[in-house]
Amino acid sequence: MRNEYFNGYNASDSLYLCYCGYENCPAGHSTKPHIRDSYLIHYVISGTCHIHFEDGDYTANSGDYFIIPPGKLVSYHDNGFPVSYYWYAFGGEEADAFYNEVLHGQVVVHAIHKEKTVQLIKECLLEKQKPIVNQLKLRGNLYLLLSLFEQPELSERVSAEQKNDLLIEQALSYIHHNYMKGLSVHQIAQY
């Protein structure tokens, strides 16, 4: 069984959903070598996928994501048993930043928020049944899908000096947006 939705996105947007879908593949499923023009993330529901790039081979099991970046020759197949997965493809200038800064170029990532991943992709698939597609909802769901990838705590990613700069920036923004309320030093410190 295969269910997919191709979105009529605006390629000038900074981040956009290209397509998404679900497939329950019979044993022996494989793809021929191909090159994608957008990022493609699969979430494996059941079974195992073997992913082959020119520069290496990877395995994604049930509960894993596997990520195919654009411009890379890739093929994948099961291990002789049925496999099921959801997928979504996205592009835009923010897509490269996400892949490099959050995923750090990884191909296989273990999923933490499995049910939420499935729910969000199902919501995107439901959009194809509507007479007018809600592009804002699709973009929102894409941001939510990408936010499901765990990121290290702020303290692990930045130096003490960068953390102080960030806190000062946040305090200044708070003051800027709330100064007319008669802020006290205590309120600012509490924020």
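Residues numbered from 1 in each chain as written. Predicted model: local features only at pLDDT ≥ 70, side-chain atom pairs only at ≥ 80, totals over all residues. Heavy atoms only, no water.

**A look at the overall build of the protein chain**
Summing up its helical and strand segments, the protein chain has 6 helices and 10 strands in all. Against the globule reference of 16 Å for 191 residues, the protein chain gives a C-alpha radius of gyration of 20 Å, more extended than a compact globule. Dimensions along the principal axes, computed over C-alpha positions, put the protein chain at roughly 65 × 45 × 30 Å. Of all 191 residues assigned to the protein chain, the portion counted as buried reaches 37%. Residue pairs at least 24 apart in sequence account for 70% of intrachain contacts in the protein chain once pairs closer than 6 positions are excluded. Accessible surface, the protein chain as shown: approximately 11000 Å² in total, 53% of it carbon and sulfur. Looking at the protein chain, you have 14 positive and 22 negative side-chain charges, and the mean spots of the two groups are 8 Å apart. (Helix = DSSP H or I, 4+ residues; strand = E, 2+ residues; numbered from the N terminus. Rg over C-alpha atoms; globule rule 2.2 N^0.38 Å. Buried < 20%, exposed > 50% of the residue type's maximum accessible area, 1.4 Å probe, protein only. Contact = heavy atoms within 4.5 Å. Areas by Shrake-Rupley, 256 points an atom, 1.4 Å probe, with all protein chains shown as cover. Lys, Arg positive; Asp, Glu negative; His and termini not counted. Charge placed at Lys NZ, Arg CZ, Asp CG, Glu CD.)

**Regarding the sheet that holds strand β3 (residues 34-35)**
Sheet architecture is open: 4 strands sit in the order β3-β8-β5-β6, paired in antiparallel fashion. Of all strands in the sheet, those with a lone pairing partner are β3 and β6 (56-61), marking the two edges. Two strands pair when backbone bridges link them, and strand β5 (residues 48-53) and β6 are joined in this way by 6 bridges, in the antiparallel orientation. Looking at β6, one finds that Thr-48 is bridged to Asn-61. (Pairing = 2+ DSSP bridges.)

**Digging into the sheet that holds strand β10 (residues 108-110)**
The 6 strands are arranged β1-β2-β9-β4-β7-β10 in an open sheet whose pairing can be described as antiparallel. Looking at strand neighbours, the two that pair on one side only are β1 (2-6) and β10, the edges of this open sheet. Taken over all neighbouring pairs, the strand axes of this sheet differ in orientation by 15 degrees on average, direction set aside. Sheet topology note: the strand β2 (residues 16-25)/strand β9 (residues 83-91) ladder contains 9 bridges and is antiparallel. Each residue of the ladder has a partner; that of Asn-24, found in β9, is Ser-84. (Axes fitted to C-alpha atoms, helices over the stretch in contact; angles between N-to-C directions.)

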